[in-house]
Amino acid sequence: MKLHEYQAKDIFSKSGIPIPNGQLVTTAEQATKAAQIINGPPWVVKAQVHAGGRGKGGGVKKAHYPYEVVTATESLLGKPLVTPQTGPDGVIVNQVLIEEGIEIDREFYLSMVVDRSTASPTMIFSTAGGMEIEEVAAKTPEVIFKEHVEPAVGWMPHQARNLLYGPEPPLTPAAVRGLMAVMANVYKIFIALDCSLIEINPLATNREGRAVALDAKVIIDNNAPFRQKELLELDDPREKDPLELMAEKYHLNYIRLDGNIGVMVNGAGLAMATMDVIKMAGAEPANFLDVGGGASEEMIAKGVEIILKDTRVKAILINIFGGILRCDVLARGLVAAAKKNEIHVPLIVRLAGTNVEEGRKILSDSSLEFLVARDIAQAAELVAKQVSGVN
Amino acid sequence: MSILVDENSRVVVQGITGREGAFHTKRMLDYGTVVAAGVTPGKGGREVEGVPVFNTVKQAVEKEGANVSCIFVPPPFAADAIMDAASAGVKVIVCITEGIPVLDMVKVASFLRDKDSVLIGPNCPGIISPGKTKVGIMPGDIHRPGNMAVISRSGTLTYEVVDQLTRAGLGQSTCIGIGGDPIIGTTFIDHLKRFKEDSETEGVVLIGEIGGTAEEEAAEHIQKEFHKPVIAFIAGQTAPPGRRMGHAGAIIARGQGKAEDKIAALQEAGIAVALNLATLGGTVLEVIGKKLTQIKPYLDSHLP
């Protein structure tokens, strides 16, 4: 679960990580007031959307006069923002963060993630602040420093010293002190809130060595909500695709993609592989949909409904390898969905595994019109035929 | 032979009184697995499918000689369940549970470092040595005893692959689902080392997916150390970056974990990569056929 910048900064501030003074606004009037209260000029006006690359997409604006704060806010609010990480339609900006401009001496990069290969939380620090870390890693890996945390011990001051006494030119003693405190707090938040990512880029220091988090990115582990209930309030459903939101409600794993072949599969790996097969057959999947291991009839029916709501869909491929999910359950769900919604596009069904005979019988006894694929190769062929017919 | 589990495995099912635990206990028993005990804290003394239930894994080990654990405990309690099994000295721990918080797995990985337990999973279908024992949730009837090993990050995709192998006349020595989470107990490399020593295993099918760098690491290891034929498949060639594809570990993040990079690394290491799932069985047969002559079809062998 992604947090907005202003939500992450609120958490930072409460945990002792300095942030710029700022205010969240949703109207131009609020922006006028904010410009009066917050120190300036300059001010920074920042669109609050989950997608990254806001700077490149024009979602971060500098204002030198109070009226510029208002016009910048107006130019963002209610309008789509297109960034390298959004689709071509962009995402609607519903909220804007107005902050004081901070005098900067140096900019750094700081993040914490769980490193898969060492199975440990890892602090990543770089002197190349304000740049995309992927680019830095590719071009100048020597300015990126890492420290793995021993889980039983936690973050230790010597690790911060290892990171902070390495870079050239050397940091001032005051900056070292400021950044050490930020690192300790980042670790504390990371553990306390079950984060999968905390990223501060840039993390700035001023001439006095005071550290300030100019940006804030926090992602919460999707497996942790059961013990992070208060964080669920920070979830912003407006940032999600409506069909993805509907799928979430029924515990279906649905991701909208750009093609026109609706896909329903049990299991994430098989779903990905099925998408790949579709693509190789010359078509494009409209979605990823993993109904999971223990899907019920109702979940299957909802899954079909969600696919049908996507008006781009020209054909549907259902690929089920019954394990825990039995083929007869799938078939009943499919028939139930067809009773509620008219399936107006070709339906290709491939069933294998547990109770496959019963599943096939339920389908053929129903009034449902569908094409049977013997195996995944034939399923791909049928999909390709549909596509060449449609296009 | 086979690796990690066989007819001598005495399984303790943790979370045996739950819906999933009870259901799969029956399926495992039907396959011929020796389910020696079950554990649900506070429900010791009961029976599920004729299997005695204990309050702790320690008791299950002491009373029933359990040496393999299969965990169906819900996510909030799963990390503790894994540690429970390891503390009790269970040698092979299979964790089926999906949805364990990553930071819990950080603790588990640290806890297991000085134990000699092998953890498979979490978020995996389990492990099966066809004809001998099945510890997990995979459908037993698609498997046949034989000489191909399967190591996979996926669940149902593994069934698809195994089904194609069996149809191609290629039985399996042991099939392992290592799990779809960012932190898992054992990796491709851990099991490749075991399959290297297993005289029954003549080739390996390695099923990877987007996210992380496990496939790249496996490629390097295979090139240096593993000289039996390997056929790899990578799911998610068309997955967009930044979107988590179901599995917590299946995400292309920060430019890392792309299918194309994995495929390139495997091919550079001289490993055959089946690009199309639809024809994977044929690809395996081709590669194995070239390198082996003594592969026997197992289609007619009896099911346990």
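Heads up: the structure comes first, above all this text.
Below you will find a few notes about this structure. (Residues numbered from 1 in each chain as written. Chains lettered and ligands numbered in written order. Predicted model: local features only at pLDDT ≥ 70, side-chain atom pairs only at ≥ 80, totals over all residues. Heavy atoms only, no water.)

Moving on, we get to the interface of chain A and chain B. Interfaces are often described in size by the accessible area the parts lose on coming together. Contact with chain A, which involves 49 residues of that partner, is made by 52 residues of chain B. Taken over both partners, the interface formed by chain A and chain B buries close to 4000 Å², and the fraction arising from carbon and sulfur atoms is 62%. Among the residues of chain A in contact with chain B, R116(A), M272(A) and F321(A) are the three that bury the most area, contributing 18% of the side total. Across the chain A-chain B interface, the total number found is four salt bridges. The salt bridge partner of R113(B) is E150(A), with a shortest N-O separation of 4.0 Å. Applying the counting rule to chain A against chain B returns 11 residue pairs in polar contact (both at pLDDT 80 or more). The residue inventory of the side of chain A that touches chain B, partitioned by class, reads 26 nonpolar, 11 polar and 12 charged. (Contact = heavy atoms within 4.5 Å. Buried area = accessible area lost by both parts, 1.4 Å probe. Salt bridge = Lys/Arg side-chain N within 4 Å of Asp/Glu carboxyl O. Polar contact = N/O pair within 3.5 Å; in protein donor to acceptor, adjacent residues only side chain to side chain. Nonpolar A, V, L, I, M, F, W, Y, C, P; charged D, E, K, R; others polar.)

Right, let's get into the packing of aromatic side chains. Working definition: an aromatic ring pair is given by the centre-to-centre distance plus the angle between the planes. Applying the stated criterion to the full structure yields three aromatic pairs over all chains. Note on Y65(A) and Y67(A): the rings are 5.8 Å apart at their centroids and 15° apart in plane angle, and the pair reads as stacked. According to the relative accessible area criterion, Y65(A) is partly exposed, its value standing at 47%. Measuring from ring centre to ring centre gives 5.4 Å for F108(A) and F125(A), while their planes differ by 25°; the resulting arrangement is stacked. Taken together, the residues span a long stretch of sequence, with F108(A) in strand β7 (residues 106-115) and F125(A) in strand β8 (residues 120-126) at a distance of 17 residues. In terms of burial, F108(A) and F125(A) fall into one category: buried. Taking the ring centre of F111(B) as reference, the NZ or CZ of K115(B) above it sits at 3.9 Å. (Phe/Tyr/Trp six-rings, centres within 6.5 Å; stacked < 30°, edge-to-face > 60°. Buried < 20%, exposed > 50% of the residue type's maximum accessible area, 1.4 Å probe, protein only. Helix = DSSP H or I, 4+ residues; strand = E, 2+ residues; numbered from the N terminus. Lys NZ or Arg CZ within 6 Å of the ring centre and 35° of its normal.)

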